[in-house]
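Chain residues, written in single-letter form:
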Amino acid sequence: MKNAKHLKVFDAKTGQGLKALKSFTAGEELIEYLGPRIHSDEANENPNPYLFGLNEDYCIDGSSLSNLARYINHSCTPNAQAVLSHDELSITIEAIKPIEVGDEILIDYGEEYFEAYIAPIGCKCSKCD
């Protein structure tokens, strides 16, 4: 992906995160969420926190360390969002507001993920912490 070189994994307060090495404008594509497309039945048999749903039948298993988008952390006040392609085969992350050099890339993981993985330990985003 063209912008992957403009993003860097860093040590965040919640583990690892992804930060911008250049400024991005609202609507600009940041990175693609990469990984094999797997059937939801397989995902249910081997759940992991890096599964990103495409539709009822398929998801992307983004657990590979080479998938830099997996390091994007949750925030209740995100600066980016996940965008599903029209053919439901891929997910890109795009800025929803200006992002400056050094800003952490943050998305809202959604209610289902929040309830399963974040709520039990408490949200650590800047709004909730």
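What counts as what
- Residues numbered from 1 in each chain as written.
- Predicted model: local features only at pLDDT ≥ 70, side-chain atom pairs only at ≥ 80, totals over all residues.
- Heavy atoms only, no water.
- Core = buried A, V, L, I, M, F, W, Y, C linked by side-chain atoms within 4.5 Å.
- Buried < 20%, exposed > 50% of the residue type's maximum accessible area, 1.4 Å probe, protein only.
- Helix = DSSP H or I, 4+ residues; strand = E, 2+ residues; numbered from the N terminus.
- Contact = heavy atoms within 4.5 Å.
- Polar contact = N/O pair within 3.5 Å; in protein donor to acceptor, adjacent residues only side chain to side chain.
- Salt bridge = Lys/Arg side-chain N within 4 Å of Asp/Glu carboxyl O.
- Pairing = 2+ DSSP bridges.

How would you summarise the nonpolar core if you had to cite specific residues and measurements?
Core analysis: the largest hydrophobic core is formed by 19 residues, its most contacted members being Phe24, Leu30, Ile31, Ile72, Ile93, Ile99 and Ile105. Secondary structure elements with two or more residues in this core: β2 (15-20), β3 (29-33) and β9 (91-95). Leaving out residues up to four positions away in the same chain, Ile99 has contacts with Ala20, Lys22, Ser23, Phe24, Leu30, Asn79 and Ile105.

Can you tell me about the side chain of Asn73, naming the residues and giving the values?
Note on placement: Asn73 falls in strand β7 (residues 73-74). Here the side chain of Asn73 touches Gln16 through a polar contact of 3.0 Å, landing on its backbone oxygen. Excluding residues within four positions of it along the chain, Asn73 makes contact with Ala12, Thr14, Gln16, Gly17, Glu104, Ile105, Leu106, Ile107 and Tyr109.

For the pattern of salt bridges, give the residues involved together with the corresponding values.
Tallied over the full model, the rule gives one salt bridge. Across the salt bridge formed by Lys22 and Glu28, the nearest N and O atoms sit 3.3 Å from each other. With relative accessibility at 23%, the residue Glu28 sits in the partly exposed group.

Talk me through the pairing of strand β6 (residues 58-61); I want residue IDs and the actual numbers.
Where strand β4 (residues 37-39) meets β6, three bridges bridge the pair, whose relative direction is antiparallel. The partner of His39 across the bridge, within β6, is Tyr58. Pairing analysis gives three bridges linking strand β5 (residues 51-53) to β6, with the strands arranged antiparallel. In the sheet register, Leu51 faces β6, and the bridge partner there is Asp61. Where β5 folds back onto β6 in an antiparallel hairpin, the turn is made up of four residues.

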